[in-house]
Amino acid sequence: MSEPLLDLENVTVQFGGLKAVSELSLRIGDGELVGLIGPNGAGKTTVFNLITGVYQPTSGAIRFDGKSVVGHRPYKITARGIARTFQNIRLFSSLTVFDNVRTACNMHLRHGILYALIRGPKFAAEETEVAKTVMELLEIFGLAGQRDQSCKSLPYGDQRRLEIVRALATRPKLLLLDEPAAGMNPTEKVELMKLIRFTQEKFGCAVLLVEHDMKVVMGICQRISVLDYGRKICEGSPAEIRCDPKVIAAYLGKEEA
Amino acid sequence: MERSKVTLFSTLLLFGLISFGLNHFHVADGSGHAVTLIQKYSYYYDILLTIGINIILAVGLNLVNGYTGQFSLGHAGFMAAGAYASSWLTLSYGYSLGGGAFATTFAFVIALLLGGVAAAFSGLLVGVPSLRLKGDYLAIVTLGFNEIIKGVIQNCDALGAQRGLGGMAPSTNFFWTYAFGAVTVYVVLSLVNSTYGRGFLAVRDDEIAAEAMGINTTKYKVLAFVLGAFFAGIAGGIYAHFKQFIHPEGFNFMKSVDVVVMVILGGMGSTAGVCVAAALLTILPEVLRYVSHIEALPEWLRHIAENRMILYSLLLIVLMLTRPQGLFGAVNLKRKKA
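Residues numbered from 1 in each chain as written. Chains lettered and ligands numbered in written order. Predicted model: local features only at pLDDT ≥ 70, side-chain atom pairs only at ≥ 80, totals over all residues.

J.: I'd like a rundown of the overall build of chain A, residues and numbers included.
T.: When helices and strands are counted, chain A shows 10 helices and 10 strands. A globule of 257 residues ought to have a C-alpha radius of gyration of about 18 Å, and chain A, at 19 Å, matches this closely. For chain A, the residues scored as buried account for 44% of the 257 residues in total. Here the analysis covers contacts within chain A between residues at least 6 apart in sequence; of these, 67% occur between residues at least 24 apart. (Helix = DSSP H or I, 4+ residues; strand = E, 2+ residues; numbered from the N terminus. Rg over C-alpha atoms; globule rule 2.2 N^0.38 Å. Buried ≥ 20, exposed ≤ 12 C-beta atoms within 10 Å, placed from the backbone. Contact = placed C-beta atoms within 7 Å.)

J.: Give a description of the sheet that holds strand E5 (residues 67-68) of chain A that names residues and reports values.
T.: All names here are of chain A. Reading across the sheet, the four strands line up as E2-E1-E4-E5 and stay open at both edges, with antiparallel pairing between neighbours. The strands lining the two open edges of the sheet, one partner per strand, are strand E2 (18-28) and E5. Of the strand pairs in this sheet, strand E1 (residues 6-15) and E2 are connected by seven bridges, and their pairing is antiparallel. Paired with leucine 6 across the strands is isoleucine 28, a residue of E2. Sitting on the sheet, helix H1 (residues 44-51) is in contact with E1, E2 and strand E4 (59-64), with an inclination near 65° to E2. (Pairing = 2+ DSSP bridges. Axes fitted to C-alpha atoms, helices over the stretch in contact; angles between N-to-C directions.)

J.: Now, about the packing of helix H11 (residues 253-266) of chain B against helix H12 (residues 271-292) of chain B: what can you tell me, with residues and values included?
T.: When two helices pack together, their arrangement is given by the angle between the helix axes and by the axis-to-axis distance. Residue and element names in this part refer to chain B. Interaxial distance between H11 and H12 falls to 7 Å at its minimum, and their mutual angle equals 125°. Viewed along their axes, H11 and H12 adopt a mutual orientation that is oblique. In this structure, H11 meets H12 at a crossing whose hand is right-handed. The segment H11 lies against H12, with Val261, Met262, Val263, Leu265 and Gly266 engaging Gly273, Val274, Val276, Ala277, Ala278 and Leu281. Looking at the contact of H11 with H12 residue by residue, the class counts come to nine nonpolar, two polar and no charged. (Parallel < 35°, antiparallel > 145°, perpendicular 65-115°, else oblique. Left-handed = near helix turned anticlockwise from the far one by under 90°. Nonpolar A, V, L, I, M, F, W, Y, C, P; charged D, E, K, R; others polar.)

J.: Now, about the pairing of strand E9 (residues 223-228) of chain A: what can you tell me, with residues and values included?
T.: Residues and elements named next belong to chain A. The pairing of strand E3 (residues 33-37) with E9 spans four bridges and is parallel. Counterpart to valine 34 in the pairing with E9 is arginine 223. When E9 meets strand E10 (residues 231-236), the two strands line up antiparallel, connected through five bridges. Paired with valine 226 across the two strands is cysteine 234, which belongs to E10. The hairpin formed by E9 and E10 contains two residues between the paired strands, and tyrosine 229 there has a positive phi angle of roughly 50°.

J.: So, helix H6 (residues 156-168) of chain A: which residues are in play, and what are the values?
T.: Residue and element names in this part refer to chain A. Look at H6: 19 Å from first C-alpha to last across 13 residues, which is about the 18 Å you get at 1.5 Å a residue. Every buried residue belonging to H6 is among Arg160, Arg161, Leu162, Glu163, Ile164, Val165, Arg166, Ala167 and Leu168, and all of these are buried. At its buried positions, H6 is contacted by strand E6 (82-84), helix H3 (97-104), helix H5 (121-140), strand E7 (174-178) and helix H7 (186-203). (Expected span 1.5 Å × (residues − 1).)

J.: Quick rundown of the domain arrangement of chain A? Include the residues and the values.
T.: All names here are of chain A. By the assigned domains, chain A splits into domain 1 (1-82 + 194-208 + 230-257) and domain 2 (88-171). Put simply, the middle of domain 1 and the middle of domain 2, counted by C-alpha atoms, are 28 Å apart. In this complex, domain 1 contributes five residues to the contact, which on the side of domain 2 involves five residues. In terms of residue count, H7 provides more of the side of domain 1 that touches domain 2 than any other element does, three residues in total. Of the residues in the side of domain 1 that touches domain 2, the class split is three nonpolar, two polar and no charged. (Domains from an automatic or database assignment.)

J.: Report on the interface of chain A and chain B, specifying residues and quantitative values.
T.: Of the residues lining the interface, 31 residues belong to chain A; the matching set on chain B comes to 26 residues. For the side of chain A that touches chain B, the secondary structure elements donating two or more residues are helix H2 (74-80), H3, helix H4 (113-118) and H5 of chain A. In terms of residue class, the side of chain A that touches chain B is made up of 15 nonpolar, nine polar and seven charged.

J.: Pulling in residues and values, what's your account of the sheet that holds E9 of chain A?
T.: Residues and elements named next belong to chain A. With respect to topology, six strands assemble into an open sheet ordered E6-E7-E8-E3-E9-E10, the strand pairing being mixed. Where the open sheet ends on each side, the last strands, each with one partner, are E6 and E10. Strand-to-strand twist of the sheet, defined as the mean angle between neighbouring strand axes without regard to direction, takes the value 20°. With respect to the sheet, H1 is in contact with E3, E6, E7, strand E8 (206-210) and E9, its orientation differing from that of E7 by roughly 145°. Sitting on the sheet, H7 touches E3, E7 and E8, and the angle it makes with E8 is about 155°.

So this is what it looks like as structure tokens:
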């Protein structure tokens, strides 16, 4: 693999006496679909928070596109091309479906506050452009019909989908999905798997997927890393992971001799 | 031209015409002399101007408290900054422009804008350090800054200290008050109805998600704070040149609470509601004052009306219980298309 898109090198984060993530190294190449799994509390979401700048690593390096992202505010990291969804859905609850996605186009605006006040032709042209982009995205993901609905009134699966749409509106190179299948029924999960693969192909972005549901992870990921107690215990293709004794031990416990 | 701009300009024109009418339309007073409408109905005119000032204050604060969700309790402080800055300017330099009506008005408007800038600057000073805090903590810090601004003025001899500051030209009239009111409404609505301005609402709804969507939450919070302070400063300047006397105690914590109540009553994040609430809460005490003076009413009823502050608070409690989203809270849910 040439220069990876995202490169975590010996990343450790410590909260008091607890090492939430320790000595983690992880590489994601352009357009790759990587899974990150592990039992509850293994530190998967913490890894996301480290990559997106919500937490700062105690030691180690995180590089994106060859440049360090450590110490940057989350919005700057998003501007560099990392977008994420959240484990517990965090949509802008008072906004409509359309506005949720529109807000994510905010950082690509070429014109600022003065244009919004003067409301000249340049502003109008840009607003039309934004509206077009948003509607295209909503159409691709089948949410165009609900554009003026409050996002709170959407069914759970649609809310998850809307979060992905919103993240894509920032035009990311790397998309972090935090348990997108949580709370979905089997049919919705199959839909989701198609959707993730489609997203990766259509938008050409790499995807890092944190997920509990083995069917989903095994079904779509090209490569899987397994975390346990903040350490990476195993990495490989789905087939390798499935029969790795360390992974089985982490999930099911060791057999007593 | 965009519809919102057409609305703004036609509203300004309308206010200009009304103002002209108020100043030049003569009616007979009680003894048969011809007087202008303003002279005849000066009490109502005063209330009308107070409503306008309160609308500017409340709509500006609504950007901070309602749309951006940062609970500020220091609005009167920024109003004071604007009031004192503009008064000091017109008192020091206003007369050097010559005493003509045009020169006075010109000096007044420039002083208003500079007063707004001074208030915005104080808003920046307050906002940058305190916007790291959330909720109650932010409210307490802004309240503290309100008192600090008041304290600085109380100890500044050039601004009259405890004596207050008086002698400003009575430049405030219907036109300027409502013109600035219309501009305030226009600015706030144009902002929040643009892609850029949706950032304010995103910050209110979920700061972490907003940041993850590439929105610089600090910038938006400070911007809302500075704009809110700017309009408070304008309102302060208008108030100063209306009452022609200002005193630090007029800009205390209670004044801030008054404006917050208007915002809450109107519905956080509903500009139309906030305007109506500003008008209602300005008129209500006057109505109660009037009721308490009607001789024909039974004694006990007049007593209740006399204690209008108690009634006023009761009314608020009832409103909060029955309509926690504010009078107009639901209106803004039906958002227009982009």
